[in-house]
Amino acid sequence: MPNTYQNICNNIDYKADKSVLQIKTIDMHTGGEPLRVIVSGFPKLKGSTVLEYRRDIKENYDYLRTALMFEPRGHADMYGCILLPPNDEEADFGILFMHNEGYSSMCGHAIIAISTLAVKMNWIIVKEGENELKIDAPCGRIFSFVKVSNGEVIGVKFHCVPSFAVGLDRIVNVEGIGDVVYDLAYGGAFYAYVDLRKNTHLNFGLSEENYRAIIQSGIDIKHAVMNQDKEIQHPFEEDLSFLYGTIFIDEPMNISNHSRNVCVFADGEVDRSPTGSGVSGRIAIEKARNAIKINEPITIESITGSTFKGCLVREEKFGPFNAVIPQVEGTAFVTGLNTFLIDPKDPMKNGFILR
C-alpha cells in the first residue's frame, strides 16, 4: 500500500507549467488594512514618471490588477502596490497603488508598510535611529521616516504632499438620505468628510455591526458630491482631479483618542486603518477651523480600533490654496509571502468579485 502521506511530506514544491505567469508578492497590513506588495513577475511598465507608468498599467495590464486584487486571490477590500523607478535620481523609488476599482493617487497605509518593508528587506542602508526615504507616488513626493531600535522597526511617520481644505460645511442632497453637511479636502486624494455629529439623521455608529450601512451611505454620498461639486480640481494635475471617497467622522470609542475616521473609497472598499491620506486631509480641515497648532498631535482611530497619529508640520502656499504639510505615524507588519499563478487556461484567471 503506497505511503501517500509520506509522499505529501516529501513533495511540497509545486512546479507550474512554463505557460503560467508567476507573480510574487509580500503581503502586509497597516492598522488592519492589507497591502499586497508585488515584487516580481509583473511585466515591465513603460514611462519615465509614476503618472506615466500609471497610464501604461491602466491601458495594458489592468487584467493583472483584477487578477491580484479580486477573488479568488484577493477580495473586495484587497489593496496592493507595485514598486517602480523614481521620477528622478533624488528619490529612492516610485510606487503605484491599486484596489478594486483602479489606481489611487495616494495611500498613507501603503507608505507606512512599504517603508517598513524597505528596512526589513535591506533595500536601503539601514542605521539605528531615523532612516529617511523619498518615495514618488502619483500625487507627488512623499518623505517617510522609519525609526529603528536594536535593528527592529518600531514606527514609521511620513510627510504627505501639500494638503488643503477646499470648502467647509457644504451641503449636498443625497437621494434616500436628505441633505448632508460635508467638508471637501485633499490629502493626496480628495475626500468628502461627513461628521456624524453634524448629520444626526445618519443614525449609524462607526462600528463593525454597521458595516453595510456605512458602505452604502458612503457610496451614495460620494456619487452625490461628484455630481454637484465642481471644485474637485487639483491645481496642477488633471489626473488627480477626482473624488476618491467619503470619510465619516465621529467621537472615538477610546476616549484618549481625538476622533474616529471610517473611509469608504473606490468601489465601496472600507479602510481598516484610519486612512493616511484621509488623516492628512483631516489635518488640513482642523487647521482651516483653527482647531490645531503646529506640532500638536492628534490620534485618530479606525473601525478596527487601530490608530494613526497626525500633526501639522508646517504651512505653505500650494497654487491658490493655503495648504499644510501633515505628518502621519503608524506601524505595519508582514503577514505572508505568495507566489500567485495565472494560468492562461483558467477561465477565471482575471478574477471576479462577489461581495
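Preceding block: the structure.
Summary of the structure given here. It should be emphasised that the depicted structure is a prediction, and the values quoted were computed from it without experimental measurement.

With respect to the pattern of salt bridges
- According to the stated counting rule, one finds 20 salt bridges in the structure shown.
- For the salt bridge of Glu231 with Arg170, the shortest nitrogen-to-oxygen distance reads 2.7 Å. Here the residue Glu231 occupies a position in the loop between α5 (211-228) and β11 (243-250), and Arg170 occupies one in strand β8 (residues 164-174), the gap between them amounting to 61 residues.
- The class for Glu231 is partly exposed, based on a relative accessible area of 43%.

A closer look at empty space enclosed by the protein
- With the rule as written, the count across this model stands at 2 cavities of 30 Å³ or more.
- If you add up the space inside the largest cavity, you get close to 70 Å³.
- Taken together, Tyr79, Met106, Cys107, Gly108, His109, Tyr191, Tyr244, Phe265, Asp271, Thr275, Gly276 and Ser277 form the lining of the largest cavity.
- Mapped by element, the contributors of at least two residues to the lining of the largest cavity are α4 (108-120) and α6 (276-288).
- Within the lining of the largest cavity, the residues separate by chemical class into 6 nonpolar, 5 polar and 1 charged.
- Taken together, Asp169, Val181, Tyr182, Asp183, Tyr193, Asp195, Lys198 and Arg289 form the lining of the second largest cavity.
- Elements with a minimum of two residues in the lining of the second largest cavity: β9 (178-186) and β10 (190-195).
- Its residues placed into classes, the lining of the second largest cavity shows 3 nonpolar, no polar and 5 charged.

Focus on the packing of aromatic side chains
- One pass over the full model with this rule turns up 13 aromatic pairs.
- Taking 6.2 Å as the distance between ring centres and 65° as the angle between the ring planes, the aromatic pair formed by Phe42 and Tyr61 counts as edge-to-face. Separated by 19 residues along the polypeptide, Phe42 in the loop between β2 (33-40) and α2 (50-60) and Tyr61 in the loop between α2 and α3 (62-69) bring together distant segments of the chain. Comparing Phe42 with Tyr61 shows no difference in burial state: the two are buried.
- One aromatic cluster in this structure is built from Tyr79, Tyr191, Tyr193, Phe242, Tyr244 and Phe265.
- In this arrangement the basic side chain of Arg65 is found over the ring face of Tyr103, its NZ or CZ atom lying 5.6 Å from the centre.

Some remarks on the nonpolar core
- Phe97, Ile142 and Phe248 are the most contacted members of the largest nonpolar core, which totals 85 residues.
- Counting residues per element, this core draws most heavily on α4, at 8 residues.
- Setting aside its immediate chain neighbours within four residues, Ile142 contacts Met106, Ile111, Leu133, Lys134, Ile135, Ala137, Phe158, His159, Cys160 and Val161.
- Tyr53, Tyr61, Leu64 and Leu96 belong to the second largest nonpolar core, which has 21 residues in total.

Some words on the environment of Met78
- Looking at the secondary structure, you find Met78 in the loop between α3 and β3 (80-84).
- You can call Met78 buried: its relative accessible area is 6%.
- Linking Met78 and Leu35, residues 43 residues apart in sequence, is a C-alpha distance of 7.3 Å.
- Ignoring any residue separated from it by four or fewer positions in sequence, one finds Met78 in contact with Pro34, Arg36, Leu68, Met69, His99, Asn100 and Glu269.

Examining a nonpolar patch on the surface
- There is a patch of nonpolar side chains on the surface, built from Val39, Met121 and Trp123 and spanning about 270 Å² of accessible area.
- Positionally, Trp123 belongs in the loop between α4 and β5 (129-137).

Looking at the side chain of Ser302
- Residue position: Ser302 is located in the loop between β14 (298-301) and β15 (307-318).
- Residue Ser302 is classed as buried on the basis of its relative accessible area, which comes to 0%.
- For Ser302, the side chain forms a polar contact with the side chain of Ser306, separated by 2.8 Å.

So, unusual backbone geometry
- Here Glu71 and Pro72 are connected by a cis peptide whose omega angle stands at 5°.
- Among the secondary structure elements, Pro72 is positioned in the loop between α3 and β3.
- Although it is not a glycine, Thr275 adopts a positive phi angle of roughly 80°.
- You can call Thr275 buried: its relative accessible area is 3%.
- Non-glycine residue Asn295 carries a positive phi angle of around 65°.
- Within the element layout of this structure, Asn295 appears in the loop between α6 and β14.

A short note on the pairing of strand β1 (residues 21-30)
- Taken together, the 10 bridges between β1 and strand β17 (residues 332-342) define a ladder with antiparallel strand orientation. Bridge assignment links Ile26 to a residue of β17, and that residue is Leu337.
- Sheet topology note: the β1/β2 ladder contains 7 bridges and is antiparallel. Considered in β2, the bridge of His29 is made with Pro34.

Observations regarding the pairing of β9
- Looking at chain direction, β8 and β9 are connected through 8 bridges and run antiparallel. Bridged to Val174 within β9 is Gly178.
- Here β8 hands over to β9 after 3 residues, with Gly176 in that stretch at a positive phi of 85°.
- Inspection of the sheet shows β9 paired to β10 by 4 bridges, in the antiparallel sense. Counterpart to Asp183 in the pairing with β10 is Tyr193.
- Connecting β9 to the next strand, β10, in antiparallel fashion are 3 residues, including Gly188 with a positive phi near 100°.

Rules behind the numbers
Residues numbered from 1 in each chain as written. Predicted model: local features only at pLDDT ≥ 70, side-chain atom pairs only at ≥ 80, totals over all residues. Heavy atoms only, no water. Salt bridge = Lys/Arg side-chain N within 4 Å of Asp/Glu carboxyl O. Helix = DSSP H or I, 4+ residues; strand = E, 2+ residues; numbered from the N terminus. Buried < 20%, exposed > 50% of the residue type's maximum accessible area, 1.4 Å probe, protein only. 1 Å grid on protein atoms, 1.4 Å probe; cavity = no way out; pocket = protein on both sides within 12 Å on 5 of 7 lines; lining within 4 Å. Points joined across faces, edges and corners; volume = space filled by probe spheres on them. Nonpolar A, V, L, I, M, F, W, Y, C, P; charged D, E, K, R; others polar. Phe/Tyr/Trp six-rings, centres within 6.5 Å; stacked < 30°, edge-to-face > 60°. Lys NZ or Arg CZ within 6 Å of the ring centre and 35° of its normal. Core = buried A, V, L, I, M, F, W, Y, C linked by side-chain atoms within 4.5 Å. Contact = heavy atoms within 4.5 Å. Patch = residues over 30% accessible without salt bridge, like charges linked within 9 Å, V, L, I, M, F, W, Y side chains within 5 Å. Areas by Shrake-Rupley, 256 points an atom, 1.4 Å probe, with all protein chains shown as cover. Polar contact = N/O pair within 3.5 Å; in protein donor to acceptor, adjacent residues only side chain to side chain. Pairing = 2+ DSSP bridges.

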